[in-house]
Amino acid sequence: MVGLKASLLLALTAAGAACSPQDADTGSGVGGTAASAGTSPSASGGSGASGGSGGSGASGGSGGSAAVGTSGPALWVIDYLTLREVDLATGKGRIAANLLNIQGDIYDLVPGPQQVWLTTSKGAVAVLDREAGTTQVLPIDTVETWGISALALGPDSAYIASGAKPMGDNPMGPPLVRVDAKSLRERARVDIFGEDVGESAQRMFVNSDAVWLLRSDGFAVMKLDPETLAVEDTIVLGEDPANVTGPRKDLSGYGDMAQVKNTLWIFDESKKRLPLLKLDESSHEAVYVRALSDEFGDGAGDCMSVVANQDSVFVLFCNEEVNAIAKLDGKTGATLRTYALGPGGALMMAEQNGKLYVDSSTADNSQISEIDEQSGTSRVVYEATGLIGGIATEVPIAGAP
């Protein structure tokens, strides 16, 4: 997460008033602040969260808002203290949920086919039912952690993991939880890190037969059974100082991860060189590909966001020296092209149907721009009412009907 994992961590300030349901058609709202660094956690891009106008914070509960829907492809946006579904054909954002009553910072925004999942720093997840327009808050953590650090969606389950924060004389590791996506009931809970209470989950992806979890501080990818959450394999990712391009070791590190079909791409943000690693899910071996700093400079890993589609990985470098998006080949990791960003840069990114979506904020306004991946041309698709706290597109679910 943004400080916790090197991924895009967005903090919304819950000061002021949220938009009322009557604001949904007018687009009126209030301003706010957001802070961010690192990379984006969801498979299709995005970071942010949601709550219901009547929902409570980490203690659980439900809230209400109008049911939402668009005439075509949609983008989900945290616009200050509201979650909005933006119709890309019209540029209008309809309020799906008010966020004022959500406790803690919003970390992640993961839209699925029926629900939108939002994670918080208070160890809870808010779940918006897209058809009913209601929001329910699920307490996840039973010990104090840094909050929910990773969430992934499978065909019928949500997988939720936390960031470590060992406390007291008998610290416990953060949990990994599987929740039934329909009933929202907990189906499995494990302490996957055992006695390594300082470990944190950073990113997860779900295939039909496995959950793949990127962890720190013992830098590794863990393969888990999707039903029981039992650990089936651990693939180490640590860099050997004596052989930086050689086999990976059981050493510390942290970073981010993207998935292209059956390949996992890992970005080692703990090293200034920003090593790019490739892990074939069938071979269970991570190999060194190249140092991204050779092409993008030593500061490339200071602020970045990662998303992927079926054949490419997109890396947003949000430091001033680079200020661009790189498109990497999903088979080789080679740079296919770059997209220059405007003077204000961007912190967040999402991808859908051959388009990239990035935030851009100035002293006068906040907006979201769409970049055509083929031509590189861009256009503004949404003007926000306040500062943008997260953007995401619907996450493709492996194995879903």
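What you see as residue numbers is a count from 1 along each chain, following the sequence as written. pLDDT decides what is reported in this predicted model: residues at 70 or higher carry local features, side-chain atom pairs at 80 or more are listed and counted, and totals for whole chains, interfaces and linings draw on all residues regardless. Excluded from the side-chain calculations are hydrogens and water; all other atoms, namely the structure's heavy atoms, are used.

1. Here we look at the overall build of the protein chain
Okay, so step 1: To qualify as a helix, a DSSP run of H or I must reach at least 4 residues; to qualify as a strand, a run of E must reach at least 2; elements of each kind are numbered from the N terminus. A count of helices and strands for the protein chain gives one helix and 31 strands.
Okay, so step 2: Three exposure classes are used, based on accessible area relative to the maximum for each residue type with a 1.4 Å probe and protein chains only: buried under 20%, partly exposed in between, and exposed over 50%. Classification of the 401 residues of the protein chain by burial places 57% in the buried group.
Okay, so step 3: Throughout, a residue-residue contact means that at least one pair of heavy atoms, one from each residue, lies within 4.5 Å. The contacts in the protein chain between residues at least 6 apart in sequence include a share of 54% that link residues at least 24 apart.
Okay, so step 4: Carbon and sulfur atoms make up 47% of the accessible area of the protein chain, which totals about 15,300 Å². We get accessible surface area from the Shrake-Rupley algorithm with a probe of 1.4 Å; when it comes to residues, only the shown protein chains can shield them.

2. As for the pairing of strand 23 (residues 304-308)
A regular strand places its side chains on the two faces of the sheet in alternate fashion.
Okay, so step 1: Of all five residues in strand 23, five are buried; the element is thus mostly enclosed.
Okay, so step 2: By the alternation rule, side chains of strand 23 split into Met304, Val306 and Ala308 and Ser305 and Val307, which are all buried.
Okay, so step 3: If DSSP finds at least two bridges between two strands, the strands pair. Pairing analysis gives five bridges linking strand 23 to strand 24 (residues 312-317), with the strands arranged antiparallel. Paired with Ala308 across the strands is Val313, a residue of strand 24.
Okay, so step 4: The turn linking strand 23 back onto strand 24 is made up of three residues.

3. A few points about the pairing of strand 26 (residues 335-340)
Okay, so step 1: Two elements, strand 25 (residues 324-329) and strand 26, share five bridges in a ladder whose sense is antiparallel. If you follow Ala326 over to strand 26, its bridge partner there is Thr338.

4. Quick look at the nonpolar core
Okay, so step 1: Nonpolar cores were defined as sets of buried Ala, Val, Leu, Ile, Met, Phe, Trp, Tyr and Cys residues, with membership established by side-chain atoms within 4.5 Å. The biggest cluster of nonpolar side chains holds 19 residues, and the ones touching the most others in it are Phe267, Val313, Val315 and Phe317.
Okay, so step 2: Secondary-structure elements contributing two or more residues to this core are strand 19 (255-260), strand 20 (263-268), strand 23, strand 24 and strand 25.
Okay, so step 3: In this structure Phe317 touches Leu274, Phe296, Ala300, Cys303, Met304, Val322, Asn323, Ala324 and Ala326, once residues within four positions along its chain are discounted.
Okay, so step 4: By size, the runner-up hydrophobic cluster in this structure holds 17 residues, among which are Ile140, Ile160, Ala181 and Leu184.

5. Description of the state of the cysteines
Okay, so step 1: Any two cysteine sulfur atoms within 2.5 Å of one another count as a disulfide. Enumeration over the complete set of coordinates arrives at one disulfide.
Okay, so step 2: In this model, Cys303 is linked to Cys318 through a disulfide, with the two sulfur atoms separated by 1.9 Å. When the S-S torsion is -100 degrees, as for the bridge of Cys303 with Cys318, the disulfide is left-handed. Residue Cys303 is located in the loop between helix 1 (293-296) and strand 23, and its partner Cys318 is located in the loop between strand 24 and strand 25; the two are separated by 15 residues in the primary sequence.

6. Details of the environment of Leu138
Okay, so step 1: By the element assignment, Leu138 lies in strand 10 (residues 134-139).
Okay, so step 2: Judged by its relative accessible area of 8%, Leu138 falls in the buried class.
Okay, so step 3: Note: C-alpha distance between Leu138 and Arg185 (47 residues apart in sequence) is 9.1 Å.

7. Considerations on the sheet that holds strand 4 (residues 74-79)
Okay, so step 1: Pairing is antiparallel in the open sheet, where four strands are placed in the order 6-5-4-31. Every interior strand has two partners, whereas the edge strands, strand 6 (92-98) and strand 31 (388-392), have only one. The sheet shows a mean angle of 25 degrees between the axes of neighbouring strands, direction not considered.
Okay, so step 2: Where strand 4 and strand 31 come together, four bridges link them in antiparallel fashion. In this analysis, axes come from line fits to C-alpha atoms, helices being fitted only over the stretch in contact, and the angle between any two N-to-C directions falls in the range 0 to 180 degrees.

8. Here's the deal with the confidence of the model for the protein chain
Okay, so step 1: pLDDT runs from 0 to 100 and stands for how confident the predictor is about each residue. A residue-level look at the protein chain finds 78% of positions with pLDDT of 70 or above and a mean pLDDT of 81.
Okay, so step 2: Below a pLDDT of 50 lies the segment residues 1-68, which in the model reaches 272 contacts outside its immediate sequence neighbourhood of four places, other chains included.

9. A few points about the layout of surface pockets
Okay, so step 1: Of the pockets and cavities examined, the second largest pocket occupies roughly 380 Å³.
Okay, so step 2: Lining the second largest pocket are 22 residues, with Gln114, Gln115, Trp117, Ala181 and Lys182 positioned closest to its centre.
Okay, so step 3: Broken down by secondary-structure element, the contributors of at least two residues to the lining of the second largest pocket are strand 8 (115-120), strand 9 (124-129) and strand 10.
Okay, so step 4: Considering every element that reaches the lining of the second largest pocket, the biggest residue donor is strand 9, with three residues.
Okay, so step 5: Three classes are used, and their members are as follows: Ala, Val, Leu, Ile, Met, Phe, Trp, Tyr, Cys and Pro are nonpolar, Asp, Glu, Lys and Arg are charged, and the others, Gly among them, are polar. Looking at the lining of the second largest pocket, its residues break down into 11 nonpolar, seven polar and four charged. Only protein atoms enter the 1 Å grid, on which a cavity is a set of points fitting a 1.4 Å probe that cannot get out and a pocket is an open set with protein on both sides within 12 Å along at least 5 of 7 lines, lining residues being those with an atom within 4 Å of a point. Grid points are joined across faces, edges and corners, and a volume is the space filled by probe spheres set on the points.

10. Quick notes on the side chain of Ser360
Okay, so step 1: Its location among the elements puts Ser360 in strand 28 (residues 355-361).
Okay, so step 2: Dropping the residues within four chain positions of it, Ser360 is found in contact with Gly345, Asn365, Ser366, Gln367 and Ser369.

11. Remarks on the pattern of salt bridges
Okay, so step 1: In the sections that follow, a salt bridge refers to a side-chain nitrogen of Lys or Arg positioned within 4 Å of a carboxyl oxygen of Asp or Glu. Following the criterion strictly, the structure yields 13 salt bridges and no others.
Okay, so step 2: Between Glu199 and Arg215 there is a salt bridge whose closest N-O contact spans 3.3 Å. With Glu199 in the loop between strand 14 (186-190) and strand 15 (200-206) and Arg215 in strand 16 (residues 211-216), this residue pair connects regions lying 16 residues apart in the sequence.
Okay, so step 3: For Arg215, a relative accessible area of 9% gives the class buried.

12. Observations regarding the sheet that holds strand 14
Okay, so step 1: Strand order across the open sheet formed by four strands is 11-12-13-14, with antiparallel pairing between neighbours. At either end of the open sheet lies a strand with only one pairing partner, and these are strand 11 (148-153) and strand 14. On average, adjacent strands in this sheet sit at an angle of 15 degrees to one another, irrespective of strand direction.
Okay, so step 2: Taken together, the five bridges between strand 12 (residues 157-162) and strand 13 (residues 176-180) define a ladder with antiparallel strand orientation. Across the sheet, the residue bridging to Ile160 is Val177, located in strand 13.

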